[in-house]
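Listed here are the chains, written in short residue letters.
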Amino acid sequence: MFYPWIRSFLFKLSHKDPELAHELALKVLQYVGRKPEILQNFTSFQDPALEQEVVGLTFKNPVGLAAGFDKNAVAIHGLAALGFGFLEIGTVTRYPQEGNPRPRIFRFPEDKALINRMGFNNEGADAVSKRFQKMKPPAIPIGISIGKSKITPLDKAVEDYVYSFQKLYAHAGYFAINVSSPNTPGLQTLQEKDQLDNLILALQKESKALSDQMKIPRRPLFVKISPDLSWQTLDELMEVCLNRGVDGLIATNTTLRRDGLSIQTDEMGGLSGKPLQKRALEVVRYICHHTGLPVIGVGGIFQAEDAFAMLKAGARLIQVYTGLIYEGPFMVYRINRGLRKLMEVHGFKRIQEIKE
Ligand SMILES: Cc1cc2nc3c(=O)[nH]c(=O)nc-3n(C[C@H](O)[C@H](O)[C@H](O)COP(=O)(O)O)c2cc1C
């Protein structure tokens, strides 16, 4: 109800550097995290029909926070209080890094879109691991997204990922292997057949060793993909994932395309939000159909209808980022409540029954 006012205040305050609004939101969420009940009473939507098990984890509802919002796991209790069914932290890299010079986030409110070229600004795997060691995480699945450090050459990428994987293994409900951010030079080439195969193989070997050593369940591995892949590269990627027994896919990351943006812009970076929705849906439908693997659908989800369309396309779970910026803190509640209604209208008794 009040969010349009808050949003317009925040957008004005941060018109030169939208990241300021993001930093402020994280601070507020950090504060809320100390007393999550304050928000939870208004944001939590519980219904057994929305609950499901995916890759051995229990999700109370299918709406998750996409990677990039809380890169360092500083506000996970506050974020959990927004009613999310799961959170994805990161992307975390082996080495701490500043990311690209600011400003590096650009808002396009007319198109409900963002362009970002953050460049994996994060405190690094050691610092994030220490933060996890000191806290009792909320009782929802916490995925951790890992990526390659900028200073690490591509031919040393595997060691870089493995380092972060080892450091964070105990704290992750699942891992997202980020090979699709457009803002780290060369990163997307890791989506190609042989390179991806090497990376997955190394992480799976490490996963087995770590779970044996720590006597904890093996952490599921998701590969997060770009919406800009050709069908052929996508086919090869799916083949590698199936052959290696990857647990799931996350589709999609931001796009370098500018379709659906009404304003001409030269800003470099990945486009997210509404203009990405159509392509994200198309990719999700394709990979679900061809792999049968659990897929987390992400891209341009703002409302329950968007989430429903993504689940109908075959996704088991969904994530949001840009929608949260434009729709505000009650978005997750609204999506869950709306999904429940849509399920009733369409005769689906349980979330996993939703199909086209
Ligand atoms: C400012 C910003 C930073 C992001 N950082 C990451 C990141 O670190 N790792 C990642 O896998 N995706 C990152 N993303 C991509 C989102 O996780 C998501 O895949 C994409 O934005 C599409 O979803 P949306 O349309 O709901 O925003 C970022 C997106 C934005 C807008």
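Note that the structure is a prediction, hence the values are computed from the model and not measured.

Thresholds applied
- Residues numbered from 1 in each chain as written.
- Predicted model: local features only at pLDDT ≥ 70, side-chain atom pairs only at ≥ 80, totals over all residues.
- Heavy atoms only, no water.
- Pairing = 2+ DSSP bridges.
- Helix = DSSP H or I, 4+ residues; strand = E, 2+ residues; numbered from the N terminus.
- Axes fitted to C-alpha atoms, helices over the stretch in contact; angles between N-to-C directions.
- Buried < 20%, exposed > 50% of the residue type's maximum accessible area, 1.4 Å probe, protein only.
- Polar contact = N/O pair within 3.5 Å; in protein donor to acceptor, adjacent residues only side chain to side chain.
- Contact = heavy atoms within 4.5 Å.
- Parallel < 35°, antiparallel > 145°, perpendicular 65-115°, else oblique.
- Left-handed = near helix turned anticlockwise from the far one by under 90°.
- Nonpolar A, V, L, I, M, F, W, Y, C, P; charged D, E, K, R; others polar.

**Student:** What exactly am I supposed to notice about the sheet that holds strand E6 (residues 113-116) here?
**Tutor:** Remark on secondary structure: sheet strands pair via backbone hydrogen bonds, oriented parallel or antiparallel. Strand order in the open sheet made by the three strands is E5-E6-E11, with antiparallel pairing throughout. Of all strands in the sheet, those bounded by a partner on one side alone are strand E5 (105-108) and strand E11 (270-273). Taken over all neighbouring pairs, the strand axes of this sheet differ in orientation by 20° on average, direction set aside. Where E6 lies against E11, four bridges are found, and the strand directions are antiparallel. Looking at E11, one finds that Ala113 is bridged to Gly273.

**Student:** Whenever I open this one, the side chain of Asn253 confuses me. Can you help?
**Tutor:** Residue placement: Asn253 occurs in the loop between strand E10 (248-251) and E11. Look at Asn253 and you get buried, because its relative accessible area is 10%. Here the side chain of Asn253 touches Ser180 through a polar contact of 3.1 Å, side chain to side chain. Ignoring any residue separated from it by four or fewer positions in sequence, one finds Asn253 in contact with Asn178, Ser180, Ser181, Pro182, Lys224, Ile225, Ser226, Pro227 and Leu276.

**Student:** Quick question: what am I supposed to make of the environment of Ala67 here?
**Tutor:** Relative to the elements of secondary structure, Ala67 occurs in the loop between strand E3 (63-65) and helix H4 (76-80). Judged by relative accessible area, Ala67 falls into the buried class, the value being 15%. C-alpha separation for the pair Ala67 and Glu236, spaced 169 residues apart in sequence, amounts to 24 Å. Contacts of Ala67, omitting those with residues within four sequence positions, involve Glu88, Gly90, Ser145, Lys224 and Tyr321.

**Student:** Which parts of the structure should I look at to understand the packing of helix H7 (residues 193-214) against helix H8 (residues 231-244)?
**Tutor:** The relative placement of two packed helices comes down to the angle between their axes together with the axis-to-axis distance. The interhelical angle for the contact between H7 and H8, taken along N-to-C directions, is 25°, at an axis separation of 10 Å. Looking at the two axes, H7 sits roughly parallel to H8. Relative to H8, H7 is oriented so that their crossing is right-handed. Contacts from Lys193, Leu196, Asp197, Ile200, Leu201 and Gln204 of H7 reach H8 at Glu236, Leu237, Val240, Cys241 and Arg244. Of the residues that constitute the contact of H7 with H8, the class distribution is six nonpolar, one polar and four charged.

**Student:** Can you help me understand unusual backbone geometry in this one?
**Tutor:** With the exception of glycine, most residues fall at negative phi, and the peptide bonds are largely trans. Following Gly90, the chain continues into Thr91 via a peptide bond in cis, with omega recorded as 15°. A cis geometry characterises the amide bond from Ala251 onward to Thr252, with omega recorded as 10°. By secondary structure assignment, the location of Thr252 is in the loop between E10 and E11. A positive phi angle, near 55°, is found at Phe120, a position not held by glycine. Here Phe120 lies in the loop between E6 and helix H5 (125-133). At Lys215, a position not held by glycine, the phi torsion is positive, near 55°.

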